[in-house]
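The primary structure of each chain is shown beneath.
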Amino acid sequence: MTAEAPTAVVTGASSGIGAATARALAAAGYHVILTARRKDRIEALAAELPHAEAYALDVTDRAAVDAFTAALGHRPSVDVLVNNAGGALGAEPVATGDPADWRAMYEVNVLGVLHMTQALLPALTASGEGTVVVLSSTAGHGTYEGGGGYVAAKHGAHVIAETLRLELCGEPVRVIEIAPGMVKTAEFATTRFRGDTDKAAKVYEGVDQPLTAEDVADTITWAITRPAHVNVDLLVVRPRAQASNTKVHRTT
Ligand SMILES: NC(=O)c1ccc[n+]([C@@H]2O[C@H](COP(=O)([O-])OP(=O)(O)OC[C@H]3O[C@@H](n4cnc5c(N)ncnc54)[C@H](OP(=O)(O)O)[C@@H]3O)[C@@H](O)[C@H]2O)c1
């Protein structure tokens, strides 16, 4: 880490896991740069944190990502990048899934990670102890019916993390993949089901304590705050009630 407060960039910091991670990293002493498309949300959260700033950004827009990197020019280095922006759209079987949804999921979950990582890699390397975090999912490690497009995209995110770790071996940059199972966040399932809150609620129905955004933020922060030579390659974290992508204990 650099002598002054280390800097962490968190994508998708306007809600859920990203917002909780921004809070947790700020509490751990990081200067946090919150990014997401919803400027009002990240500005409000940044104002609550001790050392934070907000920058509205769509990770699928390469020009916007490059403009963001240029705007960071005043900082000597970036120590941590948390690639959290992402999500699922639809739960149709492969036979009827909408290619536009599959494309959108690839854009944000794969190309979004690629854009941000490519853009910030020089600054992360310059820090002397850089960390790239990729929020994949257990969907990046196994499939389930109706998950095809999201599973394919999260496998892509997993492959970025694995390949990058090989390619950066010998460089002062760690690559950490965090793969959560079921996390009950305010927006993830509602976004997936296009605002249908009844369908979204069914995802968590009868599940005793799905993970919270704070649980995952805690896991991310733990992995980042290990000594710089310790690379937590992959951390899979699920609620106790979920044994696999397809085996979930429900009380109702
Ligand atoms: N919830 C789960 O069960 C679960 C499980 C495993 C993995 N994950 C992964 O964890 C991450 C966070 O999930 P979450 O549950 O916290 O979901 P969420 O509350 O829906 O958060 C998604 C975040 O991504 C941002 N985002 C979406 N598209 C973007 C884009 N094009 N450019 C920039 N930001 C964008 C959203 O902000 P704006 O709309 O303001 O841009 C939002 O802040 C995602 O990658 C998700 O796939 C979630």
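Residues numbered from 1 in each chain as written. Predicted model: local features only at pLDDT ≥ 70, side-chain atom pairs only at ≥ 80, totals over all residues. Heavy atoms only, no water.

Novice: How do you make sense of the site of the ligand when you look at a structure like this?
Specialist: Taken together, 29 residues form the shell around the ligand, and within it Ser14, Arg37, Asn84, Tyr150 and Thr185 come nearest. Between Ser15 and the ligand, the recorded distance is 2.9 Å, taken from a side-chain N or O atom to an oxygen atom. Arg38 places a side-chain nitrogen or oxygen 2.8 Å from an oxygen atom of the ligand. Compared with its free state, where it exposes 880 Å², the ligand has 94% of that area covered by protein. Looking at the shell around the ligand residue by residue, the classes come out as twelve nonpolar, twelve polar and five charged. (Near = heavy atom within 4 Å. Polar contact = N/O pair within 3.5 Å; in protein donor to acceptor, adjacent residues only side chain to side chain. Areas by Shrake-Rupley, 256 points an atom, 1.4 Å probe, with all protein chains shown as cover. Nonpolar A, V, L, I, M, F, W, Y, C, P; charged D, E, K, R; others polar.)

Novice: What should I look at first to understand the sheet that holds strand S1 (residues 7–11) in this one?
Specialist: Backbone-to-backbone hydrogen bonds pair the strands of a sheet. The strands run either parallel or antiparallel. The seven strands are arranged S3-S2-S1-S4-S5-S6-S7 in an open sheet whose pairing can be described as parallel. If you trace the sheet from one side to the other, it starts and ends with strand S3 (52–56) and strand S7 (234–237), each paired once. The sheet shows a mean angle of 15° between the axes of neighbouring strands, taken without regard to direction. As judged from the six bridges shared by strand S5 (residues 130–135) and strand S6 (residues 173–180), these two strands associate in the parallel manner. (Pairing = 2+ DSSP bridges. Helix = DSSP H or I, 4+ residues; strand = E, 2+ residues; numbered from the N terminus. Axes fitted to C-alpha atoms, helices over the stretch in contact; angles between N-to-C directions.)

Novice: Would you explain the packing of helix H4 (residues 99–126) against helix H5 (residues 148–167) in this entry?
Specialist: Helix packing geometry: the angle between the two helix axes and the distance between the axes. Two elements in contact, H4 and H5, have axes separated by 7 Å at closest approach and are oriented at 20°. Compared by their axis directions, H4 and H5 come out roughly parallel. The crossing of H4 and H5 is right-handed. Every residue of H5 that contacts H4 at Trp102, Met105, Tyr106, Asn109, Val110, Val113, Leu114, Thr117 and Leu121 is listed here: Gly148, Gly149, Tyr150, Ala152, Ala153, Lys154, Gly156, Ala157, Ile160 and Leu164. Along the lines of polarity and charge, the residues of the contact of H4 with H5 split into 13 nonpolar, five polar and one charged. (Parallel < 35°, antiparallel > 145°, perpendicular 65-115°, else oblique. Left-handed = near helix turned anticlockwise from the far one by under 90°. Contact = heavy atoms within 4.5 Å.)

Novice: Hey, could you run me through the pairing of strand S2 (residues 31–36) in this one?
Specialist: Working note: regular strand, side chains alternate between the two faces of the sheet. Along S2, six of the six residues are buried, which leaves the element largely enclosed by surrounding structure. Alternating positions in S2 separate into two faces, His31, Ile33 and Thr35 on one and Val32, Leu34 and Ala36 on the other, with burial throughout. Crossover connection from S1 via helix H1 (residues 16–27) to parallel S2: handedness right-handed. Both S2 and S3 contribute to a ladder of five bridges, which runs parallel. Bridge assignment links Ala36 to a residue of S3, and that residue is Ala56. Crossover connection from S2 via helix H2 (residues 39–48) to parallel S3: handedness right-handed. (Buried < 20%, exposed > 50% of the residue type's maximum accessible area, 1.4 Å probe, protein only. Right-handed = clockwise from strand over helix to strand, strands pointing away.)

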